[in-house]
Amino acid sequence: MPRPIEALIHPDALAHNLGRARALAPDAKVWAVVKANAYGHGIERAFEGLRGADGFALLDLAEAQRLRDLDWRGPILLLEGVFEPRDLELCSRLGLWHAVHCTEQIDWLAAHKTHVPHRVFLKMNTGMNRLGFRPQAFRAAWARLNALPQVDEISLMTHFSDADADRFGQNGIAHQVAAFHEATHDLPGERSLANSAATLRHCADAGVRADWVRAGIMSYGGVPDFPEHDAAHWDLKPAMTLRSRLIAVQEVQPGESVGYGSSFVAEAPLRIGVVACGYADGYPRHCPTGTPVLVDGVRTRTVGRVSMDMLTVDITHLPAARLGSEVTLWGQGPQGSALSIDEVARAGGTIGYELMCALAQRVPVRVDEG
Ligand SMILES: *Cc1c(COP(=O)(O)O)cnc(C)c1O
């Protein structure tokens, strides 16, 4: 028998979450962002649930190829554009749309030989200061692109740094929205500004919804502004469940410790369940004693350090728990129970995004057929 750990991907949850993006931005088209192998869910496994999107956005050319191999004929956008000139050949061949964020990418396009002109998304740096042309340089970049026979349609995009919260005590995106609109108001072309957080929090504003929203984390049921809001607040459903089983039970006496480093010492008699899940499965080692976990659908806490292949949980108040009991590390549990990945991430000092993406190769993943 293999180790009892597995991850489940829930296509109905993916479709539901995509529907939430549509409901929040009804007049916009929706990119399902599937970079990082669909945030760790697996492009092929997530495809079924996300195929209702208007397009797929990602970074990696090999991942774009995998989408075409799934027979996806619709739009695919490379969010960082091409990394070297010869990538443009694959864009021509696979019909990929690509971001243009720097002068070099325009130079490469100008030298590219193609019969099919490309659709590009010209990116503005409105304050994130990672990728894109500054507002003052944007129009010159647009004019240069517009003059190229290699370019068909030019769309306009930017990316927010603080759509999930306030910034310096004020609206987190207003300054970026203003800079974008000021520099683009008289340019033609479709626009894309909103990530998940902006789609959830700011899409009442038509200038933020624009023509395309880019739904990443929300598609997977992750909450970008947790703990201010939770999945119930935004009506999002977890698309990934990580579950395992108890492989041993220990009775621990007061004064005894559990696990490496003896970081946890029992103050009273405790029953401890040993779970077949550790940091080599992608469970964060930083999660301290007290991190929430479900045993047979009932919430309890981890105790002691997470080790490579195991972690330990308190089952003192769960007399029915025994070897073989089901343990939900995050996602959907038995009998309608659930444990938010955002909550587990927070306990470990990180965000749900990282936990999804860090699901380890050794964990078998199955699509939940319902
Ligand atoms: C990753 C990414 C997104 C999606 O972000 P979420 O917060 O996951 O919705 C949107 N746009 C760009 C440019 C990205 O790189």
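Rules behind the numbers
- Residues numbered from 1 in each chain as written.
- Predicted model: local features only at pLDDT ≥ 70, side-chain atom pairs only at ≥ 80, totals over all residues.
- Heavy atoms only, no water.
- UniProt positions renumbered as here; feature names shortened; annotations may be inferred.
- Core = buried A, V, L, I, M, F, W, Y, C linked by side-chain atoms within 4.5 Å.
- Buried < 20%, exposed > 50% of the residue type's maximum accessible area, 1.4 Å probe, protein only.
- Domains from an automatic or database assignment.
- Contact = heavy atoms within 4.5 Å.
- Near = heavy atom within 4 Å.
- Polar contact = N/O pair within 3.5 Å; in protein donor to acceptor, adjacent residues only side chain to side chain.
- Areas by Shrake-Rupley, 256 points an atom, 1.4 Å probe, with all protein chains shown as cover.
- Helix = DSSP H or I, 4+ residues; strand = E, 2+ residues; numbered from the N terminus.
- Pairing = 2+ DSSP bridges.
- Buried area = accessible area lost by both parts, 1.4 Å probe.
- Salt bridge = Lys/Arg side-chain N within 4 Å of Asp/Glu carboxyl O.

As annotated in an unreviewed UniProt entry, the protein carries the name Alanine racemase and comes from Ideonella paludis. The UniProt entry for the protein carries this comment under Catalytic activity (unreviewed entry): "L-alanine = D-alanine". Among the UniProt annotations of the protein, the heading Sequence similarities (unreviewed entry) holds the following wording: "Belongs to the alanine racemase family."

Engineer: Tell me about the nonpolar core, and please be specific about residues and values.
Structural biologist: By size, the foremost hydrophobic cluster in this structure holds 109 residues, and its most contacted members are L50, L122, L145, L242, Y283, L329 and W330. Split by domain, the residues of this core number at least three in each of domain 1 (11-223) and domain 2 (240-367). Non-local contacts of L242, meaning those with residues more than four positions away in its chain, are made with I5, E6, A7, C277, V327, T328, L329, W330, L359 and V363. Membership of the second largest hydrophobic core comes to 7 residues, among which are V258, A266, L270 and V303.

Engineer: So, the site of the ligand: which residues are in play, and what are the values?
Structural biologist: As a structural note, the neighbourhood of the ligand is formed by V33, K35, Y39, L79, K123, H159, N195, S196, R214, G216, I217 and Y353. One of the side-chain nitrogen or oxygen atoms of K35 is found 2.7 Å away from an oxygen atom of the ligand. Between S196 and the ligand, the recorded distance is 2.5 Å, taken from a side-chain N or O atom to an oxygen atom. Its free accessible area being 380 Å², the ligand has 92% of it covered by the protein chains.

Engineer: Any chance you could break down the UniProt feature "active site" (unreviewed entry) in the protein for me, citing the residues and the numbers?
Structural biologist: Residues given the UniProt feature "active site" (unreviewed entry) here are K35 and Y260. In summary, the annotated positions, distributed over 226 residues, remain apart in three dimensions as well, the widest C-alpha pair reaching 35.7 Å. Within the secondary structure, K35 is located in helix α2 (residues 35-39). A relative accessible area of 29% means that K35 is categorised as partly exposed. Residue contacts for K35: discarding those within four places in its chain leaves A57, L58, L59, E63 and L79. On the secondary structure map, Y260 appears in the loop between β11 (257-258) and β12 (264-265). Apart from residues no more than four positions distant in its own chain, Y260 is found in contact with R305 and S307.

Engineer: With reference to specific residues and values, describe the pairing of strand β13 (residues 270-275).
Structural biologist: With 6 of 6 residues buried, β13 lies mostly within the body of the structure. Where burial is concerned, the two faces of β13 agree: the one with L270, I272 and V274 and the one with R271, G273 and V275 are both buried. By the bridge criterion, 6 bridges tie strand β10 (residues 240-252) to β13 in an arrangement that is antiparallel. Within the sheet, the bridge partner assigned to L246 lies in β13 and is V275. Bridge count between β13 and strand β16 (residues 311-314): 4 bridges; the pairing is antiparallel. Note on β16: the bridge partner recorded for G273 is V313.

Engineer: Describe unusual backbone geometry, with residues and values.
Structural biologist: Of note, the bond from F226 into P227 is cis; its omega dihedral lies within 30 degrees of zero at 5°. When you line up the elements, P227 lands in the loop between β9 (212-215) and α11 (231-234). Its identity is not glycine, yet A36 carries a phi of approximately 50°, on the positive side. Examined against the element boundaries, A36 turns out to sit in helix α2. Unlike most non-glycine residues, S262 shows phi in positive territory, near 45°. Tracing the backbone shows S262 in the loop between β11 and β12. The exposure class assigned to S262 is partly exposed, which follows from its relative accessible area of 40%.

Engineer: Describe the domain arrangement of the protein, and please don't skip the residues or the numbers.
Structural biologist: Here the domain parsing of the protein yields domain 1 (11-223) and domain 2 (240-367). The distance between the C-alpha centroids of domain 1 and domain 2 comes to 37 Å. Across the boundary between the two partners, domain 1 contributes 12 residues, which contact 9 residues of domain 2. For the pair domain 1 and domain 2, the summed buried area comes to about 960 Å², and 70% of that belongs to carbon and sulfur atoms. Broken down residue by residue, the surface that domain 1 buries against domain 2 is led by Y39, R45 and I217, which jointly contribute 46%. Taken together, the connections running from domain 1 to domain 2 amount to 0 salt bridges.

Engineer: Outline the side chain of T312, supporting the account with residue identities and numerical values.
Structural biologist: Within the secondary structure, T312 sits in strand β16. Reaching out from T312, the side chain makes a polar contact with the backbone oxygen of V303 at a distance of 2.6 Å. Filtering out sequence-adjacent residues up to four positions away, T312 remains in contact with V258, I272, G273, V274, R301, T302 and V303.

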